[in-house]
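As a plain string of letters, each chain reads:
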Amino acid sequence: MADQRWLYVYCYRLTLDNALHAGATDNNLPVAVYHQKRNALIQLNRAARAAGIEQDMGLAQAAALCENLELIDYDESMELSLLKNLASQLYECVAEISVSPPDGLAIRIDNLVRYYGSYEQIWEAVKAVILSRNIRCHYASAWSPDAARVLARQQTNILLLENASIRRALNELPVSSLLLSQKESHALYRAGIKHLGALFELPATEIGKRFNSDLLKYLFSLKGDSYRAGPFYHPPATFEQTVILPFEVTGTDKLNAYLGKILKDLGIFLRLRNAGTQWLILTLCYREADPVTLDIRKSDLRFSFDEWANLIALKLETTELAEPVIQFTLCAGEINEYAGKEADFFNARKHFFARQQLLSKLTARLGNQAVSDAGWPEDHRFTMAKASRSHACSEQAAQHIPAFILSQPQRLTGTPKIEFGPVRIESGWWDNAPEQRDYFIALNQHGQRMQIFREQGGWYISGWYA
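First, a word on scope: everything that follows refers to the structure included in this document.

So, how was this worked out
- Here, residues in each chain are numbered from 1, in the same order as that chain's written sequence.
- Whole-chain, interface and lining totals are the exception, using all residues; otherwise, since this is a predicted model, local features are given only for residues with pLDDT of at least 70 and side-chain atom pairs are given and counted only at 80 or more.
- The basis for every side-chain value is the complete set of heavy atoms in the structure, and neither hydrogens nor water enter the calculation.
- By definition, any uninterrupted DSSP run of H or I lasting at least four residues is a helix, any uninterrupted run of E lasting at least two residues is a strand, and each is numbered from the N terminus.
- Expected span of a helix: the number of residues minus one, times 1.5 Å.
- Only protein chains enter the accessibility calculation, which uses a 1.4 Å probe; a residue whose area is less than 20% of its type maximum is buried, one above 50% is exposed, and one in between is partly exposed.
- Salt bridge criterion: a side-chain nitrogen from Lys or Arg within 4 Å of a carboxyl oxygen from Asp or Glu.
- Pairing between two strands is assigned when DSSP locates at least 2 bridges connecting them.
- Here an angle of 0 to 180 degrees is reported between the N-to-C directions of two axes, which are lines fitted to C-alpha atoms, with helices fitted over the stretch in contact.
- Here a cavity means grid points, on a 1 Å grid over the protein atoms only, where a 1.4 Å probe fits yet cannot get out; a pocket means an open set of points with protein on both sides within 12 Å along at least five of seven lines; lining residues are those with an atom within 4 Å of a point.
- Grid points are joined across faces, edges and corners, and a volume is the space filled by probe spheres set on the points.
- By the convention adopted, Pro, Cys, Tyr, Trp, Phe, Met, Ile, Leu, Val and Ala count as nonpolar, Lys, Arg, Asp and Glu as charged, and the other residues, Gly among them, as polar.
- Side-chain rings of Phe, Tyr and Trp, where Trp is taken by its six-membered ring, are said to pair if the distance between their centres is within 6.5 Å; with planes under 30 degrees apart they count as stacked, over 60 as edge-to-face, and otherwise as tilted.
- A ring is considered to have a charge above it if a Lys NZ or an Arg CZ atom is located within 6 Å of its centre and within 35 degrees of its normal.
- For classification purposes, angles smaller than 35 degrees are called roughly parallel, those larger than 145 roughly antiparallel, those between 65 and 115 roughly perpendicular, and all remaining angles oblique.
- Here, residues are in contact when the closest pair of their heavy atoms is within 4.5 Å.

**Side note on helix H14 (residues 305-317)**
Moving on, step 1. Here H14 contains 13 residues, and its C-alpha end-to-end distance of 18 Å stays within 8% of the 18 Å for a straight helix at 1.5 Å per residue.
Moving on, step 2. Three or more residues of H14 are buried, namely Glu 307, Trp 308, Leu 311, Ile 312, Leu 314, Lys 315 and Leu 316.

If you want it as structure tokens, here you go:
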């Protein structure tokens, strides 16, 4: 068991860092995160500490010391969501991650040395992800998640790799630093045990007589004889992120800063799965009114940050807020893997994507019901073209379809030159509209291409090609 190595990342001000990263507040001003149930300030920036505010200080005392203190309400579910988002980002470089609510991640790193070459390189990869999100943290490594956790919470900030150095660092920890109940901590202190080294020297049978089995299991994990890691984190199959805003937003344009961070996470999520999406769902939540759901659709699967950001901005411009927004959720409606034609490296498809982007912008601006696209029905008969706007026609079949289908065939005059054909269509037995015709593509004396067929001894024009 002692051969394992676990890295613990202690994110001690996750809510505050998220607000600063999103640009929701100014780090040069005093900012604190307020825990309402405890009536305590639990996360502070440097400006708040410079104003004399301390950790766990009450709101009244803090307000007396600093009149311009900006407060962010603490939300436990929000903190857990941010922690899982960080785990999702770290999943790119490490595999075995255990989420330790509300503010930590335990990562097994001994099985990654063969890939990275050293423990220092593993930490550099993890640190790069954390810094990209502007998250402040303390860290430590040890032989179990619990041992690494207490060392990280004591701001060790060292990769302890040798068993002797881990044991020495643990022995010096005060008992008050352990994750014990207040009753258990007082009981150990009354027994004269002030440091973890003294607790390690006690026989397990003696500890079992005085304390419950949970403390004994915790002690075994701290010693490295066992470990108590939670279930390993696995990224969800669908993408969904919720942002609880640090202040009420009255204008939709102010949401773009938060949405930009989520769109970057969406891009990473899709890239890891070689997938794309054409549909995002944005839900805006108010304090009193019912939530508003906005559908934003794109005409192709390719992920483009700029394109999605523009489409969302266009959608928000036409949205009137019933009242200030307090939180919002962005999720992907449907995720599909890239097919071969979306990943064709050699085929220049700029004209195709330009058309798709135009449709996406029109849909975002005008709504899904206001924009339609002509298509071909799931039917071989050319006479049924006017009955549907489906897009089920294959590319091979589309090249033989006229751009304009006549509502009624016209008798052919002149002697055009047949360029292609015949194509026999014999279908329609299921809807009492049977058809049996041989179609040709012909070129007349004016250089116009048309679709013709012969019926009842005469030739008729059924459509024209562009």
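**Some details on the pattern of salt bridges**
Moving on, step 1. On inspection of all chains with the given rule, the structure shows 15 salt bridges.
Moving on, step 2. Note that Arg 271 is salt-bridged to Glu 92, the shortest N-O span being 3.4 Å. Residue Arg 271 is located in helix H13 (residues 256-272), and its partner Glu 92 is located in the loop between helix H4 (76-90) and strand E5 (97-100); the two are separated by 179 residues in the primary sequence.
Moving on, step 3. When salt bridges with common partners are traced through the structure, they connect Glu 96, Arg 108 and Asp 110 into a single cluster.

**Brief notes about the sheet that holds E5**
Moving on, step 1. Taken in spatial order, the 4 strands make up an open sheet running E5-E6-E1-E7, and their pairing is antiparallel. Of all strands in the sheet, those bounded by a partner on one side alone are E5 and strand E7 (138-142). Pairwise comparison of adjacent strand axes, ignoring direction, gives a mean angle of 20 degrees for this sheet.
Moving on, step 2. Of the pairings in the sheet, the one linking strand E1 (residues 6-10) to E7 comprises 5 bridges and is antiparallel in character.

**Examining the sheet that holds strand E4 (residues 70-73)**
Moving on, step 1. The 3 strands lie next to each other as E3-E2-E4, forming an open sheet whose pairing is mixed. With partners counted over all chains shown, the strands left at the sheet margins are strand E3 (40-44) and E4, one partner each. Each adjacent strand pair in this sheet contributes to an overall mean axis angle of 40 degrees, direction not counted.
Moving on, step 2. Pairing of strand E2 (residues 31-35) with E4, which is carried by 4 bridges, proceeds in the parallel orientation. In the strand pairing of E4, Val 33 is matched with Ile 72.

**Overview of the layout of surface pockets**
Moving on, step 1. The space that makes up the second largest pocket amounts to roughly 650 Å³.
Moving on, step 2. Tyr 10, Arg 38, Gln 55, Asp 103 and Arg 153 are the residues nearest the centre of the second largest pocket, which is lined by 23 residues in total.
Moving on, step 3. Looking at the lining of the second largest pocket, the elements with two or more residues in it are E3 and helix H7 (145-153).
Moving on, step 4. For the lining of the second largest pocket, the element with the highest residue contribution is E3, accounting for 3 residues.
Moving on, step 5. Partitioning the lining of the second largest pocket into residue classes produces 8 nonpolar, 7 polar and 8 charged.

**Overview of the pairing of strand E18 (residues 458-464)**
Moving on, step 1. When you tally the buried positions in E18, you get 5 out of 7 residues, the bulk of the element.
Moving on, step 2. Examined bridge by bridge, strand E14 (residues 404-411) and E18 share 4 bridges and lie antiparallel to one another. Across the sheet, the residue bridging to Ile 405 is Gly 463, located in E18.
Moving on, step 3. Counting the residues between successive antiparallel strands, the hairpin from strand E17 (residues 449-455) to E18 contains 2 residues, one of them, Gln 456, with a positive phi of roughly 55 degrees.

**Overview of unusual backbone geometry**
Moving on, step 1. In this chain, Pro 101 is followed by Pro 102 through a cis amide linkage whose omega measures 5 degrees.
Moving on, step 2. As for its position among the elements, Pro 102 is in the loop between E5 and strand E6 (104-108).
Moving on, step 3. With a phi angle near 55 degrees, Asn 134 is a residue other than glycine that sits in the positive phi range.
Moving on, step 4. Tracing the backbone shows Asn 134 in the loop between helix H6 (119-132) and E7.
Moving on, step 5. With a relative accessible area of 45%, Asn 134 lands in the partly exposed category.
Moving on, step 6. Non-glycine residue Gln 155 carries a positive phi angle of around 60 degrees.
Moving on, step 7. Turning to its location among the elements, Gln 155 is positioned in the loop between H7 and helix H8 (163-171).

**A short note on the packing of aromatic side chains**
Moving on, step 1. Tallied over the full model, the rule gives 8 aromatic pairs.
Moving on, step 2. For the cation-ring pair, Arg 273 lies above Phe 269, with the distance from its terminal atom to the ring centre recorded as 3.6 Å.
Moving on, step 3. Taking NZ or CZ as reference, Arg 297 lies 4.3 Å from the ring centre of Trp 279, over its face.

**Regarding the packing of H7 against helix H12 (residues 213-223)**
Moving on, step 1. Running from N to C, H7 and H12 cross one another at 80 degrees; their axes reach a closest spacing of 6 Å. Relative to H12, the element H7 lies roughly perpendicular. Residues Asp 146, Ala 147 and Val 150 of H7 form the contact with H12, whose participating residues are Tyr 218, Ser 221 and Leu 222.
Moving on, step 2. For the contact of H7 with H12, the residue count by class is 4 nonpolar, 1 polar and 1 charged.

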